[in-house]
Amino acid sequence: MQTKPVFSLLLSMSVPMMLSMLIQSLYNIVDSIYVSRLGTDALTAVSLAYPLQNAILSAAVGIGVGISSAISIHLGAGNREKADRAATLGIALTLIHCIFFIIAGLTISEPFLKLFTDNPKILNDASIYTEIVLCLSFGSLFQIAFEKIFQGIGEMKITMYLLIAGCVVNIILDPILIFGLLGFPALGVAGAAIATVIGQITRPYSYTSSYIEETTYAVHISFKHLVFDKAIIRQIYSVGIPSTVMMLLPSILISVLNSILTAFSDVYVAVLGVYFKLQTFIYMPANGIVQGMRPIIGYNYGAGESSRVKSTIRYSLLTAAGLMLTGTILALALPKQILALFDADAALMSAGVTALRIISLGFLVSSVGLIYSGVFEAIGNGRNSLIISLLRQFVITIPLSFILTRFFGPTGVWISFPVGELCASAAAFCLLKKYQNGAFSPL
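Conventions and cut-offs
Here the residue numbers are simple positions, counted from 1 along each chain's written sequence. At least 70 in pLDDT is required for a residue's local features to be given in this predicted model, at least 80 for side-chain atom pairs to be given and counted, and no such filter applies to totals for whole chains, interfaces and linings, which use all residues. To get the side-chain values, all heavy atoms of the structure are used, and hydrogens and water are removed first. Secondary structure elements follow DSSP: runs of H or I of four or more residues count as helices, runs of E of two or more count as strands, with numbering from the N terminus. Taken over C-alpha atoms, the radius of gyration is set against a globule rule of 2.2 Å times the number of residues to the power 0.38. Only protein chains enter the accessibility calculation, which uses a 1.4 Å probe; a residue is then buried when its area is under 20% of its type maximum, exposed when over 50%, and partly exposed in between. We call two residues in contact when some of their heavy atoms are within 4.5 Å. Computed with a 1.4 Å probe, the accessible areas rest on the Shrake-Rupley method; for each residue, only the protein chains presented here act as cover. Only four residue types enter the tally: Lys and Arg on the positive side, Asp and Glu on the negative side, with His and both chain ends excluded. Lys charges are placed at NZ, Arg charges at CZ, Asp charges at CG and Glu charges at CD. By definition, disulfides here are pairs of cysteine sulfur atoms that lie within 2.5 Å. A helix is expected to reach a length of 1.5 Å times the quantity of its residues less one. In this analysis the local bend is the angle between axes fitted, respectively, to the seven residues ending at and the seven residues starting at the residue. Angles run from 0 to 180 degrees between N-to-C directions of axes, and those axes are lines fitted to C-alpha atoms, restricted for helices to the stretch in contact. Each angle receives one of four descriptions, namely roughly parallel if under 35 degrees, roughly antiparallel if over 145, roughly perpendicular if within 65 to 115, and oblique otherwise. Should the near helix be turned anticlockwise from the far one by less than a right angle, the crossing is termed left-handed; should it be turned clockwise, right-handed. Only Asp, Glu, Lys and Arg are considered charged, only Ala, Val, Leu, Ile, Met, Phe, Trp, Tyr, Cys and Pro nonpolar, and every remaining residue, Gly among them, polar. Criterion for a salt bridge: a side-chain nitrogen of Lys or Arg within 4 Å of a carboxyl oxygen of Asp or Glu. We define a polar contact as two N or O atoms separated by no more than 3.5 Å, with the added condition that, inside protein, one atom must be a possible hydrogen donor and the other a possible acceptor, whereas residues neighbouring each other in sequence contribute only through side-chain atom pairs. Here, nonpolar core refers to any group of buried Ala, Val, Leu, Ile, Met, Phe, Trp, Tyr and Cys residues whose side-chain atoms link them within 4.5 Å. Two joining distances apply to patches: 9 Å for like charges and 5 Å for nonpolar side chains (Val, Leu, Ile, Met, Phe, Trp, Tyr), and every residue must have over 30% relative accessible area and no salt bridge. Only the six-membered ring of Trp is used, alongside the rings of Phe and Tyr, when aromatic pairs are assigned; centres must lie within 6.5 Å, and planes under 30 degrees apart are stacked while those over 60 apart are edge-to-face, with the rest tilted.

The secondary structure content of the chain amounts to 19 helices and 0 strands. The C-alpha atoms of the chain give 21 Å as radius of gyration, which agrees with the globular expectation for 443 residues (22 Å, within 12%). Principal-axis analysis of the C-alpha atoms places the extent of the chain at approximately 60 × 50 × 35 Å. A buried classification covers 59% of the 443 residues belonging to the chain. Pairs at least 24 residues apart make up 81% of the contacts formed inside the chain by residues separated by at least 6 positions. Here the chain has roughly 16,900 Å² of accessible surface; of this, 68% comes from carbon and sulfur atoms. Side-chain charges of the chain comprise 25 positive and 20 negative groups, with the mean position of each set lying 12 Å from the other.

Dropping the structure here:
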């Protein structure tokens, strides 16, 4: 962390995460492709379920990022005992979160979904899908907690293997359970949800646990470290809560935008759902870069190596910009071919092409906001990270969507995306420039 050349270190940390994020994106896309074979109503149902499904991921990743940040900073400062305690307390907190989501799945799924549709078939499918993924969310929560612990100590290949294992199981089970292959009953949308949770639950937790217990690794989880430590819990949540809120923003954003778009047609709700599935192919690999850089920045920040922190940020920006540029070119040049994967009818194709081309204009500029937000998480400043994310996906996009739809119809929603990214990136640049008198500004 402190001696290896920065660019090669970043690649060694990020490439495994980028590959695993690509696999994760693939299974998200495959899930929707199979569901689309059931019709536009089924695709709309899964799209409506996405905000609550994303809430699980948000809580899991949020607390995980807090754990990872605490571990990296304590290891960089040479305090192994506190790093062990942060990992152990993180797993204990995850157990509490599991109970919360079981309660949420049983109580809020249907009332929430009724806010966005009065179509009985769509509501029924969306409710079934949501209840399954919420009540059985413990698989995702624990897997991500362990994943972030490994990231905090720089063991990226292990997390890659874990993610790939779960995604492959999901991809295999999707057609079997949705369409009733190999003697299984055809479960439709419910089959997609069951395939998802089985993929999460069957990820090799015992394998994960055994690696954490190995003496060759930098942190250990054990009952002797399960001591109430207010300072460490505060440290975890000071990053974890803003990170959770940051990841919840797409759920809030989609919910609000769905309410705007349903006034025009359910087709636009399906378009938004398809877009959020597709954009994972760009943003999840970019998040792989963020996950690779976080432990490097956290460790060197704890060790007082500001020059290595700046170099890491600089290389991360360049790599993310390359990914985003690729995504922009594909969305502008091949929107029809991309949407054809979802058996798009004429209405979905027409609306989707316009949406992809407009929204993709914000991909490249979003590199700054994405990377700088991760930088603030790595150094334990969740507040600035949250400010950047609020600008990207809430403060600008939602009000602008309400205003622009009055003049441009649904196209106004698509325009608000690149505008929000531009404003957020400008703010991110200023925040890091001012933080500690620009000590970590890479430019």
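This part takes up the state of the cysteines. Covalently bonding the sulfur atom of one cysteine to the sulfur atom of another cysteine gives a disulfide. All chains considered together, the criterion is met by 0 disulfides. The cysteine Cys423 is free of any disulfide, with Cys430 supplying the nearest cysteine sulfur at 12 Å. On the basis of relative accessible area, Cys423 is assigned to the partly exposed category, the value being 33%.

With that settled, the discussion passes to helix 12 (residues 280-302). The terminal C-alpha atoms of helix 12, which comprises 23 residues, lie 32 Å apart, in line with the 33 Å expected from a rise of 1.5 Å per residue. The largest bend along helix 12 measures about 25° and falls at Met293, with the proline Pro295 one to four residues further on. With 18 of 23 residues buried, helix 12 is to be regarded as a mostly interior element. With its phi angle positive at about 80°, Gly304 sits one or two positions after the end of helix 12.

On to unusual backbone geometry. Even without glycine at this site, Leu182 takes up a positive phi of about 55°. Note on placement: Leu182 falls in the loop between helix 7 (156-179) and helix 8 (189-201).

What follows covers the packing of helix 16 (residues 366-378) against helix 17 (residues 382-395). Relative to each other, helix 16 and helix 17 sit at 155°, their axes nearing to 7 Å. As the angle between them shows, helix 16 and helix 17 are arranged roughly antiparallel. Where helix 16 crosses over helix 17, the two elements pack in a sense that is left-handed. Of helix 17, the residues touching helix 16 (which contributes Ser366, Gly369, Leu370, Tyr372, Ser373, Phe376 and Glu377) are Gly382, Asn384, Ser385, Ile388, Ser389 and Arg392. For the contact of helix 16 with helix 17, the residue count by class is 4 nonpolar, 7 polar and 2 charged.

For the rest of this paragraph, the subject is helix 17. Most pronounced at Ser389, the bend in helix 17 amounts to some 30°. For helix 17, every residue scored as buried is listed here: Gly382, Asn384, Ser385, Leu386, Ile388, Ser389, Leu391, Arg392 and Gln393. Contacts made by the buried residues of helix 17 are with helix 10 (230-261), helix 12, helix 16, helix 18 (397-408) and helix 19 (411-434).

Further remarks concern the pattern of salt bridges. For the coordinates displayed, the defined rule picks out 6 salt bridges. The salt bridge involving Glu110 is made with Lys114; its shortest N-O contact spans 3.5 Å. The class of Glu110 is partly exposed, set by a relative accessible area of 34%.

Further remarks concern the side chain of Thr397. Tracing the chain through its elements places Thr397 in helix 18. Of note is the side chain of Thr397, whose polar atom sits 3.1 Å from the backbone oxygen of Arg392. Setting aside its immediate chain neighbours within four residues, Thr397 contacts Leu253, Arg392, Ser416, Phe417 and Gly420.

Judged by nonpolar contacts, the single largest core of 97 residues is most densely connected at Ile313, Ile371, Trp414 and Phe417. The element best represented in this core is helix 2 (residues 40-76), accounting for 14 residues. Leaving out residues up to four positions away in the same chain, Ile371 has contacts with Ile289, Val290, Met293, Ile313, Ser316, Leu317 and Ala320.

The next subject is a nonpolar patch on the surface. A contiguous nonpolar surface patch, about 580 Å² in accessible area, is contributed by Phe7, Leu11, Val15, Leu19, Leu22, Tyr315 and Leu318. Of all elements in the fold, only helix 1 (6-36) and helix 13 (306-333) reach the threshold of two or more residues within the nonpolar patch. Top element by residues in the nonpolar patch is helix 1. It accounts for 5 residues. On the secondary structure map, Leu19 appears in helix 1.

Turning our eyes to something else, we now look at the environment of Leu162. Along the chain, Leu162 falls in helix 7. Separated by 10 residues in the primary sequence, Leu162 and Gly152 have C-alpha atoms spaced 16 Å apart.

Here we take up the environment of Ala86. In this fold, Ala86 is placed in helix 3 (residues 80-107). For Ala86, a relative accessible area of 0% puts it in the buried group. Considering only alpha carbons, one finds Ala86 and His225, 139 residues apart in sequence, at a separation of 8.5 Å. If near-sequence neighbours (up to four positions away) are discounted, Ala86 is found in contact with Ile67, Ala70, Ile71, Ile232 and Ile236.

Before going further, it helps to examine the packing of aromatic side chains. Scanning the model with the defined rule gives 8 aromatic pairs in all. Here the aromatic rings of Tyr275 and Phe276 are separated by 5.2 Å at their centres, their planes lie at 70°, and the arrangement is edge-to-face. In this structure Phe276 comes out as buried when scored by relative accessible area, which is 6%. When the ring of Phe376 is compared with that of Tyr435, the centres are 5.6 Å apart and the planes differ by 85°; the resulting orientation is edge-to-face. Residue Phe376 is found in helix 16, and its partner Tyr435 is found in the segment after helix 19; the two are separated by 59 residues along the sequence. Each of the two residues, Phe376 as well as Tyr435, counts as buried.

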